[in-house]
Amino acid sequence: MFQKITLHELVLAIIIVFVLVLLLIIAVLFYSFYKYRVLSNRQVWTQIIENKITESIVMGQNFVENDESFDMHLREPAFRSVFLDLLVASERKFSGVAREEITHLFYKFSLEDEAWRNLIKKKAYHIAGGIQELTAMRVLRALPKFTSLLEHREKQVYVEAQYGIVSFKGAEGLSFLDNLKHPLSEWQQLRLLNSIIDIPDPQIVNITLWLRSENTSVVIFTLRLMRKFQMLSYYSEVLELLAHNDTAVKLQVVRTLEAFENNNTMEQLVSAFPEETLAVQIEILKAMKVSKSLECDGFLKKQLWEHPAVAIKIWSAEVLVTLGERQYLRDMALDENTPDEFKHIINHALQEKVC
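Model, not experiment: these values are computed from the prediction.

Each value, and the rule that gives it
- Residues numbered from 1 in each chain as written.
- Predicted model: local features only at pLDDT ≥ 70, side-chain atom pairs only at ≥ 80, totals over all residues.
- Heavy atoms only, no water.
- Helix = DSSP H or I, 4+ residues; strand = E, 2+ residues; numbered from the N terminus.
- Axes fitted to C-alpha atoms, helices over the stretch in contact; angles between N-to-C directions.
- Left-handed = near helix turned anticlockwise from the far one by under 90°.
- Contact = heavy atoms within 4.5 Å.
- Nonpolar A, V, L, I, M, F, W, Y, C, P; charged D, E, K, R; others polar.
- Salt bridge = Lys/Arg side-chain N within 4 Å of Asp/Glu carboxyl O.
- Buried < 20%, exposed > 50% of the residue type's maximum accessible area, 1.4 Å probe, protein only.
- Expected span 1.5 Å × (residues − 1).
- Polar contact = N/O pair within 3.5 Å; in protein donor to acceptor, adjacent residues only side chain to side chain.
- Parallel < 35°, antiparallel > 145°, perpendicular 65-115°, else oblique.
- Phe/Tyr/Trp six-rings, centres within 6.5 Å; stacked < 30°, edge-to-face > 60°.
- Lys NZ or Arg CZ within 6 Å of the ring centre and 35° of its normal.

## Quick word on unusual backbone geometry
Phase 1 of the analysis: Phi at Ser110 is positive, roughly 55°, even though this residue is not glycine.
Phase 2 of the analysis: Within the secondary structure layout, Ser110 lies in the loop between α4 (96-108) and α5 (111-119).

As structure tokens, then:
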């Protein structure tokens, strides 16, 4: 049997629920007010800090330093955090003397300590932010700490550590690729490539090891690096990668062979063509279009008429146009014995309408 609930107990339960709801509403209001204050303060602080940065860049290190109001703001941790964020953002926009002035502000107001504190926090975005800050301000003594963070469990942290090391050490900093297990994203690859200005000593990069890596993103990045710095001496090793089992790698191989092109490249690509996937075959045809090698003429005509894939027929026709075979294609399009499908393909390549 269910026990009867008395009127007193029911009223008490309603009051408790009401109090809990009221407390929840108060908590939400307080939180909303706090967030509003933070946003409002950030807007005001941003203007103050931007003025200070502008003043520093314009006036130099000898500008008037007595600013009691600014010093008062610096006592607030939230203000120092915003200041550091804006310094890093400004550093990315400027170069030369302006960048030096921004770095001067970083040290003058002891913001390096703020960046170091971020590195020992628990949340990944704080640690990653600390790495970005110390990298932007060129704090070289942070390198050992960055190295220790390469094995961090959070992706946000270890990718920033990778970038920080390469920013400081250039190509030499890529040694983490030797045993890299995590994939390098497209964005990370571009960041790393852009941060490397030159490779003064080819011995500091382990190209052969990276080309044989089980991590396909490492292989792809290495091929891009080789193209950027025209490492022609590795041509034969790149050619061997046409036997790789990953299509994304093969696409990069074809692009690298195109960039390294020698007298045998087109012949080698023609030889590999039949065994490749459709995507790689199209990439080979793109390479031929760039090369404009007349030795591909017969091969392309064969693909136009015999290959089962329409995409290959279209690309073959377009490359033939590049090779100067416009009249040949026009004659074929006008020939009454040419099937309609081929006429459409040819006229598409010639950019002409079918009559």
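## A closer look at the packing of helix α9 (residues 186-195) against helix α11 (residues 216-228)
Phase 1 of the analysis: Axis separation between α9 and α11 bottoms out at 11 Å; the angle between their running directions is 35°. The handedness of the crossing between α9 and α11 comes out as right-handed. Together, Glu186, Gln189, Leu192, Leu193 and Asn194 of α9 and Ser217, Ile220, Phe221, Arg224, Leu225 and Lys228 of α11 make up the contact between the two elements.
Phase 2 of the analysis: Its residues assigned to classes, the contact of α9 with α11 comprises five nonpolar, three polar and three charged.

## Focus on the pattern of salt bridges
Phase 1 of the analysis: Counted by the stated rule, this structure contains twelve salt bridges.
Phase 2 of the analysis: For Arg117, the salt bridge is made with Glu114, and the minimal N-O distance between the two is 2.9 Å. Of this pair, Arg117 and Glu114 are both found in helix α5, three residues apart, which corresponds to roughly one turn of the helix.
Phase 3 of the analysis: Taking the shortest distance from any N to any O, the salt bridge between Arg224 and Glu186 comes out at 2.9 Å. Of the two residues, Arg224 is situated in helix α11 and Glu186 in helix α9; the sequence distance between them amounts to 38 residues.
Phase 4 of the analysis: By relative accessible area, Glu186 is classed as partly exposed at 46%.
Phase 5 of the analysis: Each of Arg80, Glu114 and Arg117 takes part in a single network of salt bridges with overlapping partners.

## Description of the environment of Leu12
Phase 1 of the analysis: Within the secondary structure, Leu12 sits in helix α1 (residues 7-59).
Phase 2 of the analysis: In the structure, Leu12 is positioned 310 residues away from Thr322 in sequence and 87 Å away in space, judged by C-alpha atoms.

## Observations regarding α4
Phase 1 of the analysis: Under the 1.5 Å per step criterion, the end-to-end length of α4 is 19 Å for 13 residues, consistent within 8% with the ideal 18 Å.
Phase 2 of the analysis: Along α4, the residues that are buried comprise Ala98, Glu101, Ile102, Thr103, Leu105 and Phe106.
Phase 3 of the analysis: One or two steps after α4, the chain reaches Ser110, where phi turns positive at roughly 55°.

## Concerning the side chain of Ser213
Phase 1 of the analysis: With respect to the helices and strands, Ser213 occurs in the loop between α10 (207-211) and α11.
Phase 2 of the analysis: There is a polar contact of 3.0 Å between the side chain of Ser213 and the backbone nitrogen of Asn215.
Phase 3 of the analysis: With sequence-adjacent residues up to four places away left out, Ser213 is seen in contact with Val218 and Val219.

## What to know about the packing of helix α3 (residues 77-93) against helix α6 (residues 124-136)
Phase 1 of the analysis: Where α3 contacts α6, the axes come no closer than 10 Å and their chain directions differ by 50°. Taken as axis vectors, α3 and α6 run oblique relative to one another. In the crossing of α3 with α6, the sense of the turn from one axis to the other is left-handed. Contacts from Leu84, Asp85, Val88, Glu91 and Arg92 of α3 reach α6 at Gln132, Glu133 and Ala136.
Phase 2 of the analysis: In terms of residue class, the contact of α3 with α6 is built from three nonpolar, one polar and four charged.

## So, the packing of aromatic side chains
Phase 1 of the analysis: Scanning all chains against the criterion turns up ten aromatic pairs.
Phase 2 of the analysis: With 5.5 Å between their ring centres and 80° between their planes, Phe70 and Phe79 make a pair best called edge-to-face.
Phase 3 of the analysis: With relative accessibility at 2%, the residue Phe70 sits in the buried group.
Phase 4 of the analysis: Taken together, the ring pairs in this structure connect Trp45, Phe70, Phe79, Phe83 and Phe109 into an aromatic cluster.
Phase 5 of the analysis: One Lys or Arg, Lys52, reaches over the ring of Phe70 and ends 4.7 Å from the middle of that ring.

## Let's talk about α9
Phase 1 of the analysis: Buried within α9 are the following residues: Gln188, Gln189, Arg191, Leu192, Leu193 and Ser195.
Phase 2 of the analysis: Buried residues along α9 sit against α8 (155-169) and α11.

## Considerations on the environment of Glu240
Phase 1 of the analysis: Tracing the backbone shows Glu240 in helix α12 (residues 235-240).
Phase 2 of the analysis: The exposure class of Glu240 is exposed, given its relative accessible area of 59%.
Phase 3 of the analysis: Spatially, the C-alpha atoms of Glu240 and Val253 are 9.1 Å apart, while their sequence positions differ by 13 residues.

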